[in-house]
Number of protein chains: 2
Amino acid sequence: MDNRRNFIKKVIAAGTLASVGVSLPLTLPAAPQKGRASLNLSFQEGIAPGKSLNEKFDYMEKLGIVGFEPGGGGLANRVSEIKQALNGRNIKVSAICAGFSGWLIAEDPEKRRQCMESTKEILAAGSELGSVGMILVPGFNGQQPSLQMPGAREILLEQLRELAEYARQRNTAVILEPLNRGEAWFLRLLADAAAMCREVDSPGLTCLGDFWHMTREETSDRGAFISAGKYLGYVHMASRKRRSMPGEDGEADNYIDGFKGLKEIGYQGYVSFECGTKGKREETVPAAVKLLREQWKRA
Amino acid sequence: MDNRRNFIKKVIAAGTLASVGVSLPLTLPAAPQKGRASLNLSFQEGIAPGKSLNEKFDYMEKLGIVGFEPGGGGLANRVSEIKQALNGRNIKVSAICAGFSGWLIAEDPEKRRQCMESTKEILAAGSELGSVGMILVPGFNGQQPSLQMPGAREILLEQLRELAEYARQRNTAVILEPLNRGEAWFLRLLADAAAMCREVDSPGLTCLGDFWHMTREETSDRGAFISAGKYLGYVHMASRKRRSMPGEDGEADNYIDGFKGLKEIGYQGYVSFECGTKGKREETVPAAVKLLREQWKRA
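Report follows, based on the coordinates. (Residues numbered from 1 in each chain as written. Chains lettered and ligands numbered in written order. Predicted model: local features only at pLDDT ≥ 70, side-chain atom pairs only at ≥ 80, totals over all residues.)

**Thoughts on the overall build of chain A**
Within chain A, the regular secondary structure consists of 11 helices and 9 strands. Within the span of chain A, comprising 299 residues, buried residues form 49% of the whole. Taking all contacts inside chain A whose residues are at least 6 apart in sequence as the whole, residues at least 24 apart take part in 78%. (Helix = DSSP H or I, 4+ residues; strand = E, 2+ residues; numbered from the N terminus. Buried ≥ 20, exposed ≤ 12 C-beta atoms within 10 Å, placed from the backbone. Contact = placed C-beta atoms within 7 Å.)

Structure (structure tokens):
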């Protein structure tokens, strides 16, 4: 993220756009950088077969998986364990998946405070592990009572500004995740999450596109990623009908249109598996990795 | 709209996509048809100088404006007047702007009924005038009490299905308009409106992109139009800071990124002026038309 932000800033500073006669729109689109994007695959802890972190990492390295996404629960106590298991490997911690308590659009200020505190703890641990960020959902449908619009968004952004600054100082980020309406009505679309990032305007706040949720909510994977643009900090991957390994849902598991969008915005972050499997993990996992690499090439 | 829908259907029917080895994603993106798009400019009634419809239409014809967007209020009584004034001209009725009473996400069923009835009346009149559709906002911020999510969306879609069928039978459409949060929190993003169109799945329901509202809500004009895709039925145009004539807000009035999106989805509908002016109408209107044609070429 930082590289791209700086690139864009440098271009503007140098007046490159102005010198070719292009006037800047109010909404600055990400500079198209096709060719610079890369497919950096990452796994959540449950994806790879193996009984220990070391067995899992051995398996992942053989598949060329370069990212590991641990959960945020109890992460502070696992920093040494994870660091040790990753030592000397070609795998880095990608992002931290949630793990916070409370929620940021709670009516109850105490629940909001819990969320702020637990998020900061996880961000600090994630920062020690070099993670690009920690995934955060502002409020699930089941978390009630929640604030309504427009108050909910205002209070959310106030808190996100504080968290983003906290994260930025630690070279990491809060990653806002839109979910499908079955899980969270409050934030469902990438363009909506990106608009929050635009307002907070800090490298400490990015957003996430999850193909599973996008299948239900977005009309265009590519359009959604273009709207996310420079604010896109992370991507989640799953099959599109049952949230299994990509490919397990057959023809439905086509990610090419979305991958085109990622290439178009020069996305260099992780694409991380968050899914189950209906089959034998030793078969479905490598098949999924192969499928995604093929589709990435075709995109 | 119909042509593009049919085109896509034919492609699928013919198995063209399958024969080149592309499997269909669940969310079908609009087929890119760059080069087929055209800039068809339209004016609301207040835009052109002139005291009568005839004076306004004379002025518009000289500028090459091909669409006229009347308000929906009392439209049934104006059908003959408008038909007569358009007779023999190279201007057609583009869309009908609102004019309904009540609103579709009202808590009060009577207010919803009012909206359904008045919308149908306007759709019928608009159909007689050959309009592509009637612009509808599901609920303004000031219209209270309104239903909350998720109930609001379900009841809205139920009503939209009925209105879309009514419109389809008359060869016209309901055009859902997302507004900026200052006017309507309920529907702010093109991707959200497009997802409603996808669910209703009828040529009788499309959506609208208004550059004025998009400036505040969308992070990418192009991304938003790509997400709207085949569901995009109409576009509104204004300057980006004060909702004046395009160009009156100087450098901010850059529509090139959005126009690129329109070209990419092969948009052949209208781009209609909905704005005021801070200057002399006889100067600001032709200047705006010139600016948009230049930017369209550069897109």
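Past the structure itself, the notes keep going.
**Some words on the pairing of strand β8 (residues 232-237) of chain A**
Across the 6 residues that make up β8(A), a large majority, 6, are buried. Once you follow β8(A) into helix α10 (residues 256-264) of chain A and on to strand β9 (residues 270-273) of chain A, the crossover reads as right-handed. (Right-handed = clockwise from strand over helix to strand, strands pointing away.)

**Re the interface of chain A and chain B**
With 35 residues of chain A in contact, the opposing surface of chain B contributes 35 residues. Elements represented by at least two residues in the side of chain A that touches chain B include exactly α7 (190-200), α8 (211-217) and α9 (221-228) of chain A. Examining the composition of the side of chain A that touches chain B, we find that 6 residues originate from one element, α9(A), more than from any other. When its residues are assigned to classes, the side of chain A that touches chain B shows 15 nonpolar, 10 polar and 10 charged. (Nonpolar A, V, L, I, M, F, W, Y, C, P; charged D, E, K, R; others polar.)

**Structural notes on helix α9 (residues 221-228) of chain B**
Residues and elements named next belong to chain B. Counting buried positions along α9 gives 8 out of 8 residues, so the element sits mostly inside the fold. Where α9 is concerned, the buried positions are D221, R222, G223, A224, F225, I226, S227 and A228. Looking one or two residues beyond α9, the residue adopting positive phi is G229, at roughly 50°.

**A few points about the sheet that holds strand β1 (residues 40-44) of chain B**
All names here are of chain B. Across the sheet, which stays open at both edges, the 9 strands sit in the order β3-β2-β1-β9-β8-β7-β6-β5-β4 with parallel pairing between neighbours. This sheet does not close on itself; its edge strands, each paired only once, are β3 (92-93) and β4 (95-97). One ladder, built from 4 bridges, connects β1 with strand β9 (residues 270-273); its direction is parallel. Paired with N40 across the strands is Y270, a residue of β9. Packing of α9 onto the sheet brings it into contact with β7 (205-210) and β8 (232-237), and relative to β7 it is tilted by some 175°. (Pairing = 2+ DSSP bridges. Axes fitted to C-alpha atoms, helices over the stretch in contact; angles between N-to-C directions.)

**Topic: the environment of G64(B)**
All names here are of chain B. Relative to the helices and strands, G64 resides in the loop between α3 (53-63) and β2 (67-69). Classification of G64 by C-beta neighbours within 10 Å gives partly exposed; the count is 13. Residues G64 and N254, 190 residues apart in the sequence, show an inter-C-alpha distance of 21 Å.

**Describing the packing of helix α5 (residues 109-128) of chain B against helix α6 (residues 151-169) of chain B**
All names here are of chain B. Remark: α5 packs on α6, axes separated minimally by 10 Å, with the N-to-C direction vectors making an angle of 15°. The angle between the axes of α5 and α6 places the two elements in the roughly parallel class. As for how α5 packs across α6, the hand of that crossing is right-handed. Together, R112, M116, T119, K120 and L123 of α5 and Q159, L163, Y166 and A167 of α6 make up the contact between the two elements. (Parallel < 35°, antiparallel > 145°, perpendicular 65-115°, else oblique. Left-handed = near helix turned anticlockwise from the far one by under 90°.)

**Quick look at the relation of the copies chain A and chain B**
Structural alignment of chain A on chain B gives an RMSD of 0.0 Å, achieved by rotating through 180° and translating 0.0 Å along the axis. With respect to symmetry, the two chain copies, as superposed, fit the operation of a two-fold axis. Closest to the rotation axis within chain A is the C-alpha of G223(A), separated from it by 2.1 Å. In this assembly the copies share their binding face: 100% of the residues contributing to the interface of chain A also contribute to that of chain B. (Least-squares fit on C-alpha atoms with pLDDT ≥ 70 in both.)

Coordinates in, geometry out; function isn't part of it.
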